[in-house]
Every structure is written in structure tokens, then in C-alpha cells.
Amino acid sequence: MNETEISIKNFSLYIENRQILKNISVDIPKNQITAIIGPSGCGKTTLLRSINRMVDLYTPVLAEGEIIINGKNVLDPDINLSLLRKNVGMIAQAPNPLPLSIYDNVVYGLRIHGIHERSALDTRAEQCLQSVGLWSEVHDRLKDPASQLSLGQQQRLCLARALAVEPEILLCDETTSALDPISARHIENELICLKNDYTIVFVTHILRQAKRLADYVVFLYLGELVEHGPAHEVFTNPQDPRTKAYLEGVFG
Amino acid sequence: MTRYSRDRVISSVLFVPAVFSSILLFVMVIVLFWKSEAILSTKPLVDLLLSSSWRPVAGNFGYLPFIMGTIWVTALAMILAIPISLLSAIYLSEYAPPRIRDTIQPVIDLLSGIPSVIFGLFGILLIIPLIKNSVAPLLGINSSGYCILAGGLVLAIMVFPILISLSFEVFQTVPREMREAALGLGATNWEAVKHVVLKKTYPGVIAVIILGFSRAFGETMAVLMVVGNVARVPSSVFDPAYPLPALIANNYGEMMSIPLYDSALMFAALLLLAIVVIFNLMAQYVLMILRKVE
């Protein structure tokens, strides 16, 4: 069977005494695209942000259970967040370039993790921009502010920036929702290419997108894990009546 | 009256108060200028500004002691206040857990609303004895305690609440997503502050500092209570000084029988107003330039 990359065990999460996620257990397979789907407010993004511990950035949270990556529980208060997030990259909903040049955006992660050698940075920057199909568009203006790129280009830059630190896992939080359809397709295609080397967890509320991308599907409803399994099984033969209803568009 | 014409009337009614407040500034400048005319016609402007002899009875009106006094006290206050304020604002905006922030912030806001005379009393009761009995003797200096250091300290305490809340607001304008971009790559909180928050907001921070300066220039009551008020160009922070606002507040209404005295004080007010306006314009200009660079 498939190798597991992220193992979520009996995971519950409370924010300000309200339970957001209820006893979730699921193994996310390695080198596949896992789509987390479900109606708005079901906890998709919260689950995603728990994996790289962004969830407790602004408000204290109470977490129970475990999220295991490489044998380590990321919920452990003593975990090195810097190394965790180096290994678990994230691409946000809307492009969020740093207030730096295109080049400095891509190599930002490398620099904070201690790589300063010019040639190493140059090589990696080119590789990463190539792999998101941005190199040909920006190679002659690497020193320009990243904010001058179009939104679609910015999002690909954010993807390149995440790839630069060589993570194993990429978390995508409705990563195409702020983009026009063509740029969105562009990103989707990049992700499909990238799954050979990365484990991708993709949150989306667009069912068609999940169908296009996902190898594995996790369906959340009101903070509960209702159903999970290989995409073709969940989409063609959902076991739970709630999944069935959602797929049929009864609630969105 | 139709709804449409009523709307037009309301528009003109609202226009009046809006214009009124902006006209006030021009009225003030014109009145001060007109009142200072008498003193300005006695000597060239440069002589007035650069002469350090202030003997109204003899007809000598040199503003240098007051200008230097203002600059010393304000500069010292800002040197003390800027680092403390920025560090506090960074802590509150980027590090403090919500519970701590929600406790500290109202206190700081309250501090900025305290009447300045209370800060002055606080200076007399605490800071002046401290300087007179501890700080100055430690350095082998004889000081009454009423000096620039005392004025600067009291003024620093008065400007830092406003500097903290303004720079906090500026830091909060950085979108969360942008911090998360850095944090998501494994940056520490400090790296996110340094590379994202400060990088993104430094024009705003500079504008806040300049506004802080212009506020500090005009602060009158608390400073005049502790600064000594001696019309001499100071040469150390343990010397007394006589800032422009103190000159006006202490003397207007007194000794008005001396010729030109009234006009001399009006010119002091005009000078002060000019300094504050120039600093405000500078803040606007810096913001404009830096925004363009981005």
C-alpha cells in the first residue's frame, strides 16, 4: 500500500473553548495530492494550519491527539517550529509575496536557514522558478519588486519560494481562489507535476477542482471527519449519506 | 424641497465646518505675523534668531537661548522615547499574547490622556530630587535638578504613549498573510518582524517619529515646571533651559509695559508654530517619497 506521510490520530482542536475539530484520524499518503473538502466553516483550513502549527499563531488553542510527521508529533510544545515549517511548506489563499525583490523572495527561506553562498542561491532560485514555469517570464527582472508581478505570477512565485527550502510536504489553502481561471489552471498543473516529489495537501471548496487534482480525499463536515479514501472511491461511491449529499450539491 | 435639492443644501451646510477648521490655521498664522511685525522691523530676522542676548528692558530680543532650549529638551526626550516606544510597540503588536496586550494597551492610552500638569508635578516630586541628589553628584556635577535632563525625561514620558499607539497602528497595517509568508518558511518571529514588518512599515515609523517631534516641541506645562527657565544657551543636559512654549506661557500678560515685549512673545509663538508646521510637512513629505520608492 501507499506510504503514509502525515498521520493524524484522534486529533481534536479547541479555540476559545469551542471545539473546531472533532477526533480526527486519517493517514495522508506520501507523494499524492490529498484534497480536504467540505462546506465553509467545516474546519478544512484549521486542519491544514494545524499541520504546520500556524493555527496557534494568534490565539491560544487546545489540541488533543497527535499529528505525526517523520515520527515526531508536531503538536508537541517543544517542537522546533522553524524546522517543521521548513519541511512543511504552505501556499496561502491569496498570493503573499514578501516586500522584497523576486529573487530575494525565492531565496528568503534559504537565507534564513543559513545558506548565503551566492552561487548556491542562484542555482536554487533558477531551479525553483523553472519548476513553476516562471523563469522565462522573470529571468531578466529578478531584482524587480515581487509586487509588480501579476497575481497569477505572484502565486507561482510563492510556490517557488516554498519549494526552495526543499520541503517534503506542501499545504495549499484554496491556493487558486484569488486567481483568474487560466492562472488557476497553471498552478493546478504545477501541483500535478510536483506530486512525484512532494506530498500535497490541498484545501478546496470547489468540487470540480478536487476531482481534477485529488488522489485522496478527506471530507469534513462541522469539524468531523465524515469520510476519507482514494478519490475515485469517494467520488463515485460515497459511503456516508452526508458525503453523498455534499457531492450532489445539497449543501455547499 | 425635493430630496435632491435637500441633499445639495446639506452638502453646503457640511462644507462650512469642514472649511472653518482649516481656515483657523491660516487665521492664526496671519494674526501672529501681524502682531510680530513690530519686533521684526527692529532687526533683521537672522539677528533676532541668532542673538543670545535676551534683555527686554534694554530692548534686546535674541531668540537663540529659547530655540536651543527647545531643541535640547525635545531632542533629549525623543532620544529617550523613540527606542522605548518602538520596542514596546513591536512587543505589543508582534509578540504579546492577547491577554497581555489587552491589559497594557488601555493603560498606555490612559497615560496619553493625563493632563500635562500632573506629569510636571511628577517630575518635581520624583525626577528633580533624583537628578539633584543622585545623578548629578554621581557625575561630580552641581545641579539644582531643574535642568534639560529633567525636562527631557518628563517630555519623554509624555510622548511615548502616543508614539507607542501610533507605531502599533502602523505595525498592524501589515497584513497577517505577509507575516505568515515568512513564518511559513520557518522564519522566527523576530525574523518576520525584521524582514517583513519593519521593512514594510519603516516609512510609517519615520512619519510617526517626526509627528512625535512636532508634538514634543509644543508641549508646554510639564516642561516649564521642571526645566529651570533660564534664558541662556545651554551647554550640557544639567544646565537649565528655557524652551519657546515656556517663554510664552510664563510671560504673556506680565511685564507687558515693556515696549515690544508683547510683539516679541507673538514672534516666539510664530516661531513655534512654524517649527511644528515644518515638522508636520516633513512627515507628509517623507511618507510621500518613501511610498513612491516602493
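Conventions we followed
- Throughout this description, residue numbers start from 1 for each chain and increase along the sequence as written.
- Ligands are numbered from 1 and chains lettered from A, in the order in which they are written.
- Residues qualify for local features only when their pLDDT is at least 70, as the model is predicted, and side-chain atom pairs are given and counted only at 80 or more; totals for whole chains, interfaces and linings, by contrast, use all residues.
- The basis for the side-chain values is all heavy atoms of the structure; hydrogens and waters are excluded.
- Pairing between strands is defined by DSSP: at least two bridges between the two strands are required.
- Starting at the N terminus, helices and strands are each numbered in turn, a helix being any DSSP run of H or I of at least four residues and a strand any DSSP run of E of at least two.
- In what follows, salt bridge is the name for a side-chain nitrogen of Lys or Arg lying within 4 Å of a carboxyl oxygen of Asp or Glu.
- Throughout, exposure labels follow a simple rule: accessible area from a 1.4 Å probe, protein chains only, divided by the maximum for the residue type, with under 20% read as buried, over 50% as exposed, and the rest as partly exposed.
- For every element, the axis is a line fit to its C-alpha atoms; helices are fit only across the contacting stretch, and the angle between N-to-C directions ranges from 0 to 180 degrees.
- Crossings are classed by handedness, with left-handed meaning an anticlockwise turn of the near helix from the far one by less than a right angle and right-handed meaning a clockwise turn.
- We call two residues in contact when some of their heavy atoms are within 4.5 Å.
- All residues other than Ala, Val, Leu, Ile, Met, Phe, Trp, Tyr, Cys, Pro, Asp, Glu, Lys and Arg, Gly among them, are scored as polar; the first ten of these are nonpolar and the last four charged.
- Using a 1.4 Å probe, buried area is obtained as the accessible area two parts lose upon being combined, added over both of them.
- Distance and chemistry together define a polar contact, namely a pair of N or O atoms within 3.5 Å, with one atom able to donate a hydrogen and the other to accept it when in protein, and with adjacent residues in sequence counting only for side-chain atoms on both sides.

1. Structural notes on the pairing of strand S10 (residues 224-230) of chain A
Residues and elements named next belong to chain A.
- Examined bridge by bridge, strand S9 (residues 216-221) and S10 share six bridges and lie antiparallel to one another. Paired with Tyr 216 across the two strands is Pro 230, which belongs to S10.
- In sequence, S9 turns back onto S10 through a hairpin of two residues, with Leu 222 there showing a positive phi of about 50°.

2. Quick notes on the pattern of salt bridges
Residue and element names in this part refer to chain A.
- For the structure shown, the criterion picks out 13 salt bridges over all chains.
- For Asp 215, the salt bridge identified is with Lys 195, shortest N-O distance 3.0 Å. With a gap of 20 residues between them, Asp 215 in the loop between helix H8 (207-213) and S9 and Lys 195 in the loop between helix H7 (181-194) and strand S8 (199-203) connect regions that are remote in the sequence.
- Between Arg 242 and Glu 224 there is a salt bridge, with the nearest N and O atoms lying 3.7 Å from each other. Highlighted residues: Arg 242 in helix H10 (residues 241-247) and Glu 224 in strand S10, separated in sequence by 18 residues.
- A relative accessible area of 33% places Glu 224 in the partly exposed class.
- Counted as one network, the salt bridges with shared partners bring together Arg 185, Glu 188 and Arg 212.

3. Notes on the packing of helix H7 (residues 176-184) of chain B against helix H8 (residues 189-218) of chain B
All names here are of chain B.
- The interhelical angle for the contact between H7 and H8, taken along N-to-C directions, is 140°, at an axis separation of 9 Å. The handedness of the crossing between H7 and H8 comes out as right-handed. Contact residues: H7 offers Met 178, Arg 179, Ala 182 and Leu 183, while H8 offers Asn 189, Ala 192, Val 196, Val 197 and Lys 200.
- Classifying every residue of the contact of H7 with H8 gives six nonpolar, one polar and two charged.

4. Structural notes on the interface of chain A and chain B
- Counting residues at the interface gives 20 residues for chain A and 17 residues for chain B.
- Around 1800 Å² of area is buried between chain A and chain B when both sides are counted, 64% of it from carbon and sulfur atoms.
- When residues of chain A are sorted by the area they lose upon contact with chain B, Tyr 58, Pro 99 and Tyr 108 of chain A head the list and together hold 34% of the total.
- On inspection of chain A and its partner chain B, the count reaches one salt bridge.
- Among the salt bridges present, the one from Arg 49 of chain A reaches Glu 180 of chain B, with a minimum N-O distance of 2.9 Å.
- Linking chain A to chain B there are six residue pairs in polar contact (both at pLDDT 80 or more).
- Mapped onto the side of chain A that touches chain B, the elements with two or more residues apiece are helix H2 (81-87), helix H3 (102-112) and helix H6 (151-164) of chain A.
- Taken together, the residues of the side of chain A that touches chain B break down into 12 nonpolar, four polar and four charged.

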